[in-house]
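Close look at the chain arrangement
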Amino acid sequence: MWISVYLALAASVLLATVAPAAARRLPPRRAAAVLAAAAVTAGCGWAWDLALLAWTLIGQFPLVRRLGHWSGPVLAAHDPVSPMIATLATVLVVVAAATMMVSVLRCGRDVGWLLRTARHCPPATGGGLVVVDDPAPRALAVPGLPGRVVVTSSLLRALTAAERRVLLAHEHCHLRHAHLGYRLLVRLAAGLNPLLWPLVADCDYTLERWADEDAATAVADRGLAAVALARAALATIDTDAAAPSALAFHEHAVSRRVAALLALPPPPRWGQAVVPAALGLIAAVCAVEAGREVERLFELAMHGWPH
């Protein structure tokens, strides 16, 4: 058995487990970066390592042997992967391909919803604000060229002028820092690696916290930002949730976010990211080495091909 491929798998599993705990001790901006990087590394590493294990079995199929011009008996004789592990890896690869397709379709649906929203929005006022006459209190950031902040008239009526500034600063943070990209990356990575599904909710919460902190800085009043968030949440308590693609001001663990705004801002430190970074590096290096091991195995089998 190759120690590199199993070490890479172990590092990917540990990374998916450790990253959320580390992110909770970081400021939101850095926590989002750690979660996104961990998700991409653990998702791609998991799929790559499983594919390498599965390929040692698939490569022995008669049709594949003929197409690849390598010897089946030589490959079987030098294959360090047991048939049971290779079969399990093949099944997991098929499952990962199916769940990845579901994630792609869901992300495509969400992006399509945003594009349709942007296309049917009325003209924006100053600062990219679009006010929609709707009894449901909602606010969301709609990416585009340019991006827009869509707010319903009922939500604006529920907030004071100062609280509206908090709301707009929050939504503009989502647009300015391309938070939709973080959400899509984590969701697609979770499609490859089911252990990453808890990171989806963690990422959504962290992005909202990032926008909360930016809004509090913009108005220079953390208490005002907390009150605006609480008032917006109360105004929407009896309404349906926003579309799943939306980063909504009034959703995602509002009570925790209000408590965080009323506390001191998190210190700007990177120390908590050391362990996830090390695990990510180990997973990447071992995955590359595992790929080389598979390449050497099939090169050896090609020498046994009857010319």
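Presented here is an overview of the structure given in this document. As the structure is a prediction and not an experimental result, all values here were calculated from the model. (Residues numbered from 1 in each chain as written. Predicted model: local features only at pLDDT ≥ 70, side-chain atom pairs only at ≥ 80, totals over all residues. Heavy atoms only, no water.)

Structural notes on a nonpolar patch on the surface
For clarity, the cut-off: Residues enter patches when they are more than 30% accessible in relative terms and free of salt bridges; like-charged ones are connected within 9 Å and nonpolar ones (Val, Leu, Ile, Met, Phe, Trp, Tyr) within 5 Å. A 1.4 Å probe and the Shrake-Rupley method give the accessible areas. Residues count as covered only by the protein chains that appear here. One side-chain nitrogen of Lys or Arg within 4 Å of one carboxyl oxygen of Asp or Glu is enough to make a salt bridge. The secondary structure listing takes helices from DSSP runs of H or I that are at least 4 residues long and strands from runs of E that are at least 2 residues long, numbered from the N terminus. The classification of residues rests on relative accessible area computed with a 1.4 Å probe and restricted to protein chains. Under 20% of the type maximum is buried, over 50% is exposed, and intermediate values are partly exposed.
On the surface, Ile3, Leu7 and Ile282 cluster together to form a nonpolar patch covering roughly 290 Å² of accessible area. Looking at the element boundaries, Ile282 is found in helix α12 (residues 274-303). Looking at Ile282, the relative accessible area reads 38%, which means it is partly exposed.

Concerning a positive patch on the surface
Quick note on the threshold: His residues and chain termini do not enter the charge count, which takes Lys and Arg as positive and Asp and Glu as negative. Lys charges are placed at NZ, Arg charges at CZ, Asp charges at CG and Glu charges at CD.
Taken together, the side chains of Arg24, Arg25, Arg256 and Arg269 define a basic patch exposed on the protein surface. As for its position among the elements, Arg25 is in the loop between α1 (3-23) and α2 (28-58). Among the residues examined, Arg25 registers a relative accessible area of 46% and is labelled partly exposed.

Things to note about the side chain of Thr152
The condition is simple: The definition of a polar contact used here is a pair of N or O atoms within 3.5 Å, where within protein one atom must be able to donate a hydrogen and the other to accept one, and adjacent residues in sequence count solely through side-chain atom pairs. In what follows, residue pairs with any heavy atoms lying within 4.5 Å of each other are defined as contacts.
As for its position among the elements, Thr152 is in strand β3 (residues 148-152). Thr152 gets classed as buried once you look at its relative accessible area, which sits at 6%. Of note is the side chain of Thr152, whose polar atom sits 2.9 Å from the backbone nitrogen of Arg138. For Thr152, the contacting residues outside a window of four places in its chain are Val132, Asp134, Ala136, Pro137 and Arg138.

Quick word on unusual backbone geometry
Although it is not a glycine, Ala178 sits at a positive phi angle of roughly 50°. Its location among the elements puts Ala178 in the loop between α7 (161-176) and α8 (179-192). Owing to a relative accessible area of 48%, Ala178 belongs among the partly exposed residues under this scheme. Phi is positive for Ala220, which is not a glycine, with a value near 55°. Here Ala220 is to be found in the loop between α9 (197-219) and α10 (222-235). Note on Ala220: relative accessible area 70%, which makes it exposed.

Purely geometric numbers; function is a separate question.
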